[in-house]
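Breakdown of the fold
Residues per chain are reported as follows:
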Amino acid sequence: MFNNLSEKLDKALHVLKGHGSITEVNVAETLKEVRRALLDADVNFKIAKEFTNRVKEKALGQNVLTTLQPGQLMVKIVKDELTELMGGDVEGINMSGTPTIILMSGLQGSGKTTFSGKLANFLKTKKTKKPLLVACDVYRPAAVDQLHVVGDQIKVDVYSDKGNTDPVAIAQAGIAHAKQNGHNVVIIDTAGRLAVDEAMMKEISNIHKAIQPQETLFVVDSMTGQDAVNTAKAFNDVLNFDGVILTKLDGDTRGGAAISIKSVVNKPIKFIGTGEKMEAIDVFYPSRMADRILG
Ligand code: GDP
């Protein structure tokens, strides 16, 4: 994960090793490399610039107050700032509501259906909940079948209504079904399209208004870099979602989405997907991710 970024940051922070103190000159030299590493990882230019400015201020400000070597001090500051940039504290899912309603949103192929299954499995095993999965993709019968396959695999019930072309009605019927059958969590998987379009936004917005979920999650493929951030912005403008799910972090992703998304939409990344299997789900810990990036 993020091997390239880790390597480049490590190299950048090496500049200070061997220096007796932090100076304007060696900080500038280091941060030029840090900024380059971030840009190469597909972090947005403005975010990278603000990031290095904050690090610079802290480095020059804390230099006189610390007994740390310049190299160690810089690693610590960069780690703290990366953690802050990715969200600071860990944020869980709002489990209020009887049942708790969780709405999944995102583009087609982002990993919504897979993640719906992973989340249901996670809640079932870790939090002893009784989830119901609801299939609201009225355009792709294969997507409904896929959710049933996932449900069978993790032994979680799936509600679908293949002939019905109204996703709002299916979502509402799914919630009613959950209430009747003692499910305390309803995870609603919705249709996505290949790119942001008005019809999709209207549809997900209608579902959102009708069912008023406790938690609306936006699922995004981390491999799509800055596009992931733009898509997040478009969905957040319409849904004001509660959290981000970053998928496919097991792939050869450069890291830009993980680093940038929080500061663009001001919503936390809550979980990450790290594989196709149902167990490949992790709570997102910003500080652990920063540790991982800095090796
Ligand atoms: P949806 O269209 O948003 O519902 O996306 P899917 O759940 O169908 O996922 C699209 C593809 O991405 C499938 O082949 C999944 O197996 C794969 N996928 C989903 N999440 C992950 C992940 O975290 N890592 C990897 N490597 N593949 C994933």
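Rules and cut-offs
Residues numbered from 1 in each chain as written. Predicted model: local features only at pLDDT ≥ 70, side-chain atom pairs only at ≥ 80, totals over all residues. Heavy atoms only, no water. Helix = DSSP H or I, 4+ residues; strand = E, 2+ residues; numbered from the N terminus. Buried < 20%, exposed > 50% of the residue type's maximum accessible area, 1.4 Å probe, protein only. Areas by Shrake-Rupley, 256 points an atom, 1.4 Å probe, with all protein chains shown as cover. Lys, Arg positive; Asp, Glu negative; His and termini not counted. Charge placed at Lys NZ, Arg CZ, Asp CG, Glu CD. Phe/Tyr/Trp six-rings, centres within 6.5 Å; stacked < 30°, edge-to-face > 60°. Pairing = 2+ DSSP bridges. Axes fitted to C-alpha atoms, helices over the stretch in contact; angles between N-to-C directions. Contact = heavy atoms within 4.5 Å. UniProt positions renumbered as here; feature names shortened; annotations may be inferred. Salt bridge = Lys/Arg side-chain N within 4 Å of Asp/Glu carboxyl O. Near = heavy atom within 4 Å. Nonpolar A, V, L, I, M, F, W, Y, C, P; charged D, E, K, R; others polar. Parallel < 35°, antiparallel > 145°, perpendicular 65-115°, else oblique. Left-handed = near helix turned anticlockwise from the far one by under 90°.

A closer look at the overall build of the protein chain
Along its length, the protein chain carries eleven helices and eight strands. For the C-alpha atoms alone, the extent of the protein chain along its principal axes is close to 70 × 40 × 30 Å. In the protein chain, which comprises 295 residues, the proportion classed as buried is 51%. With the model as given, the accessible surface of the protein chain reaches about 13,500 Å², and the carbon-plus-sulfur share is 47%. Each charge class in the protein chain was averaged separately, 36 positive and 35 negative side chains, and the resulting centres sit 2 Å apart.

Observations regarding the packing of aromatic side chains
In this structure the tally under the stated criterion is four aromatic pairs. Judged by centre distance (5.8 Å) and plane angle (50 degrees), the rings of Phe115 and Phe271 are tilted. Placement of Phe115 in helix α5 (residues 112–126) and of Phe271 in strand β7 (residues 269–273) is noted, with a sequence separation of 156 residues between them. Exposure class is identical for Phe115 and Phe271. Each is buried.

Focus on the sheet that holds strand β5 (residues 215–221)
Taken together, eight strands build an open sheet; the order of strands is β3-β2-β4-β1-β5-β6-β7-β8 and the sheet is mixed. Looking along the sheet, the strands with just one partner apiece sit at the ends: β3 (157–159) and β8 (281–283). Going from strand to strand, the sheet's axes swing by 25 degrees on average, the running direction of each strand aside. Docked against the sheet, helix α7 (residues 167–180) engages β1 (100–105), β2 (131–136), β3 and β4 (185–190), running at close to 165 degrees with respect to β2. Helix-sheet contacts for helix α10 (residues 256–265) involve β5, β6 (243–247) and β7, and the interaxial angle to β6 is about 170 degrees.

Remarks on the UniProt feature "domain: SRP54-type proteins GTP-binding" (unreviewed entry) in the protein chain
This chain's UniProt record puts "domain: SRP54-type proteins GTP-binding" (unreviewed entry) on residues 268–281. Helix makes up 0% of residues 268–281 and strand 43%, whereas the separation of the span's terminal C-alpha atoms amounts to 16 Å.

Overview of the pattern of salt bridges
According to the stated counting rule, one finds 14 salt bridges in the structure shown. For the salt bridge of Arg54 with Glu81, the shortest nitrogen-to-oxygen distance reads 2.8 Å. A residue pair is termed long-range when its members are at least 10 positions apart, and Arg54 in helix α3 (residues 45–62) and Glu81 in helix α4 (residues 70–85) qualify at 27 residues. For Glu81, a relative accessible area of 6% gives the class buried. Taking the shortest distance from any N to any O, the salt bridge between Glu81 and Lys58 comes out at 2.9 Å. Here Glu81, found in helix α4, pairs with Lys58, found in helix α3; they are 23 residues apart in sequence, far enough to count as distant. The exposure class of Lys58 is partly exposed, given its relative accessible area of 30%. One continuous salt-bridge network, built from bridges that share partners, spans Arg54, Lys58 and Glu81.

Quick notes on the site of the ligand
Close to the ligand lie 17 residues; Gly109, Thr113, Thr114, Asp250 and Glu276 are nearest. Relative to its free-state accessible area of 580 Å², the ligand is covered by the protein chains to the extent of 80%. Here the shell around the ligand gets four residues from one element, more than from any other, and that element is α5. Considered class by class, the residues forming the shell around the ligand number one nonpolar, ten polar and six charged.

Description of the environment of Gln153
Among the secondary structure elements, Gln153 is positioned in helix α6 (residues 141–154). Spatially, the C-alpha atom of Gln153 lies 46 Å from that of Lys49, the residues being 104 residues apart in sequence.

Re the side chain of Asp189
Following the sequence through the fold, Asp189 ends up in strand β4. Ignoring sequence-local partners within four residues, the contact set of Asp189 consists of Met104, Lys112, Thr113, Ser116, Val134, Ala135, Cys136, Asp137 and Leu147.

Observations regarding the packing of helix α2 (residues 24–40) against α3
α3 packs onto α2 with a crossing angle of 150 degrees between their chain directions and a minimal axis gap of 10 Å. Considering the angle they form, α2 stands roughly antiparallel to α3. Both α2 and α3 take part in a crossing whose hand is right-handed. Counted together, Glu24, Val27, Leu31, Val34, Arg35, Leu38 and Leu39 of α2 and Phe45, Ala48, Lys49, Phe51, Thr52, Val55, Lys56, Ala59 and Leu60 of α3 form the full contact between these two elements. Residues belonging to the contact of α2 with α3 are distributed by class as follows: eleven nonpolar, one polar and four charged.

Regarding unusual backbone geometry
In this structure, the amide linkage connecting Thr98 to the following residue, Pro99, adopts the cis form with an omega of -5 degrees. With respect to the helices and strands, the residue Pro99 is situated in the loop between α4 and β1. The phi angle at Asp42 is positive, at roughly 75 degrees, despite the residue not being glycine. With respect to the helices, strands and loops of the structure, Asp42 is situated in the loop between α2 and α3. Overall, the relative accessible area of 17% leaves Asp42 in the buried class. Residues other than glycine seldom take positive phi values, yet Asn266 does so here, at roughly 55 degrees.

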